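# Architecture at a glance
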Amino acid sequence: MDLINLTIKGALDLLAKGEITAKELTQNLCALNEKLTSLNIYITPTFEHALQMADASDKRRQKGQVGLLEGIPLGIKDLFCTKGFVTTAGSHILKNFIPTYESTVTDQLWKAGAVMMGKLNMDEFAMGSSNMTSYYGPVENPWKRKQDSHTKLVPGGSSGGSSAAVAASMALGATGTDTGGSIRQPAAFTGIVGAKPTYGRCSRWGIVAFASSLDQAGPMARTVYDAALMLKAMAGYDEKDSTSAKINVPDFTGVIGQSIKGLKIGIPEQYRTKGMANEIEQLWQQGIQWLEKAGAIVKPVSLPYTQYALPVYYIIAPAEASSNLARYDGVRYGLRVPAESLDAMYELTRAAGFGREVKRRIFIGTYVLSAGYYDAYYLKAQKVRNLIRQDFVNVFKEVDALLTPTTPTPAFGIGEKMVDPIAMYLNDIFTVPVNLAGLPALSIPAGLSNDGLPLGLQIISRSFDEEMMFRLGYVLEREANFNAKPDLSIYLKG
Ligand code: GLN
């Protein structure tokens, strides 16, 4: 069976026709996974459990009980709590943490019949854009630069295990979370589809918190259809999360293939950043032409406060992180470094348990929240966040969606940008504003860079109008016809 090209939709068809069982599918994927361990994609593979789940799925199918994702093997970002299975959030401090509960999103996936392949590597506490901050080591992007098989590339982050797993065909889909771009940027770096839903669309219950007002779970998959299908299973109101939205979850796949004739698409002029690479500009122009060809009306729009998005994000996200991470004190969760006094135990535990990037965010967050600086930084950032949000409200009076590149560059080398945190933060320039405004956005693989690496285009739509982003995203997918694949033969040898 050609696992390399198998989509969720394709697998569901084969399962429905009885041409394959969930167990066979899972076995095949486990075998492939065993050969690709050098990519360091899983922190905790759960293959034995996967086979049991697949077996149970086959039995349900025989009885005519067929869920939305019946028998589909998925990878789970290690930020989602999974009952009975270690959940590390990519951190040393949670190395031995075994949750006694299941996150709402994963619970819904299992109820829809999906199979858990394992817990995927990620940046520590989802802080990063490269998967380099994981305590469990970097993930290698299965893609290589043209004529350069030596340089190992990052798969993006923080959902780097998720993107690499889907790109390397180690799972048919994966969950991700997106606080400032962590679904869309890794999707763009690995040539897959990543959907960040509206804030409140998916429950955050049981997902290790990074920045609570920005965090959202979403699907990462090979096609727009697959992502739409996964989101249907993941989304919905949850009384355990007070910020989850009491709003109907439509069949997101229903809009796929619908005409986009007459829809108005905005091109935010402020996203044409200084020094933007030519290949990114060209991709963007290509995207405009594809949408116009399909009958959309494309026009320039202005989001004047865009320039403040990154500084605002790097005040608000660390502020919320410093407060969320206060709970890791060696008392209730994970690592404890014993000491003579309670204070010393806190200090030693946190010093040993958190990595550099997490500590940097805790320092920044604590600083901007401290008396004397709160008004100058945190409160000011909240006000500017409102202006950024208002920018989007204004343009969505004129247009139905926005088209932008997903990232300013293709995947970079493992280790690059690590000495300069600002250079790393700049990689999220096109994704961060969406989180500040709570909007849904989709990254679609749209072309290859001059180096032969995947590049993504991003569709941003109105609050709770994920249907619009999927509808437009499908048109881009169809027109781009992106069927390049990473060359897995390098890893499969031997
Ligand atoms: N790269 C951004 C950061 O480091 C976003 C991370 C995310 O979306 N989780 O904060």
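A brief look at the structure comes next. (Residues numbered from 1 in each chain as written. Predicted model: local features only at pLDDT ≥ 70, side-chain atom pairs only at ≥ 80, totals over all residues. Heavy atoms only, no water.)

### Looking at the layout of surface pockets
So the rule is basically this: Note on definitions: the grid is 1 Å and covers protein atoms alone; a cavity is a set of points where a 1.4 Å probe fits but cannot get out; a pocket is an open set with protein on both sides within 12 Å along at least five of seven lines; lining residues have an atom within 4 Å of a point. Grid points are joined across faces, edges and corners, and a volume is the space filled by probe spheres set on the points. Secondary structure elements are taken from DSSP: a helix is a run of H or I of four residues or more, a strand is a run of E of two residues or more, and numbering for both begins at the N terminus. Residue classes follow a fixed rule: Ala, Val, Leu, Ile, Met, Phe, Trp, Tyr, Cys and Pro count as nonpolar, while Asp, Glu, Lys and Arg count as charged, and any other residue, Gly among them, counts as polar.
Of the volumes computed, that of the largest pocket is approximately 340 Å³. The wall of the largest pocket is formed by 20 residues, among which Arg222, Thr223, Phe482, Asn483 and Lys485 lie closest to the centre. Within the residue set of the lining of the largest pocket, elements represented by two or more residues are helix H5 (160-167) and strand S10 (441-448). The class makeup of the residues in the lining of the largest pocket is ten nonpolar, seven polar and three charged.

### Some details on a nonpolar patch on the surface
The condition that has to hold: Patch rule: a residue counts if its relative accessible area is over 30% and it has no salt bridge; like charges are joined within 9 Å, and nonpolar side chains (Val, Leu, Ile, Met, Phe, Trp, Tyr) within 5 Å. Per-residue and other accessible areas were derived by the Shrake-Rupley procedure at a 1.4 Å probe size, with only the shown protein chains allowed to occlude residues. Basic side-chain nitrogens of Lys or Arg form a salt bridge, by our definition, when they fall within 4 Å of a carboxyl oxygen of Asp or Glu.
A contiguous nonpolar surface patch, about 250 Å² in accessible area, is contributed by Tyr305, Tyr308 and Leu387. By secondary structure assignment, the location of leucine 387 is in helix H12 (residues 374-395).

### Some points on the sheet that holds strand S4 (residues 173-178)
The line we're drawing: A pair of strands is labelled paired if DSSP reports no fewer than 2 bridges between them. Convention adopted: a line fitted to C-alpha atoms gives each axis, helices being fitted over their contacting stretch, and angles between N-to-C directions are expressed from 0 to 180 degrees. Here, residues are in contact when the closest pair of their heavy atoms is within 4.5 Å.
Taken in spatial order, the eleven strands make up an open sheet running S1-S3-S2-S4-S6-S5-S10-S11-S9-S7-S8, and their pairing is mixed. In this open sheet, the two strands that pair with only one neighbour each are strand S1 (42-45) and strand S8 (297-301). Strand-to-strand twist across the sheet, computed as the mean angle between neighbouring axes with direction ignored, equals 30°. Of the pairings in the sheet, the one linking strand S9 (residues 401-405) to strand S11 (residues 454-461) comprises five bridges and is antiparallel in character. Bridged to leucine 402 within S11 is isoleucine 460. Lying on the sheet, helix H2 (residues 22-35) is in contact with S1, strand S2 (73-77) and strand S3 (115-120); it crosses S3 at an angle near 20°.

### With respect to the nonpolar core
This is how the line gets drawn: Each nonpolar core is a collection of buried residues, namely Ala, Val, Leu, Ile, Met, Phe, Trp, Tyr and Cys, held together in the definition by side-chain atoms within 4.5 Å. Think of it in three bands: with a 1.4 Å probe and only protein chains considered, a residue is buried below 20% of the maximum accessible area for its type, exposed above 50%, and partly exposed in between.
Formed by 159 residues in total, the largest nonpolar core has its most connected members in Leu69, Leu109, Phe125, Leu291, Phe392, Leu403 and Phe470. Leaving out residues up to four positions away in the same chain, leucine 109 has contacts with Leu69, Leu74, Ile76, Ala114, Thr175, Met230, Ala233 and Met234.

### Considerations on H12
Defined as follows: To estimate the expected span of a helix, subtract one from its residue number and multiply by 1.5 Å. One fitted axis covers the seven residues ending at a residue, a second covers the seven starting there, and the bend at that residue is the angle between these axes.
Taking 1.5 Å per residue, 22 residues should reach 32 Å; H12 reaches 31 Å between its end C-alpha atoms and fits that length. For H12, the principal kink sits at lysine 380 and spans about 25°. Looking at H12, one finds that the buried residues are Tyr378, Ala381, Val384, Arg385, Ile388, Asp391, Phe392 and Val395. Looking at the buried residues of H12, the elements they touch are S8, helix H9 (309-324), helix H11 (356-369), S9, helix H14 (432-437) and S11.

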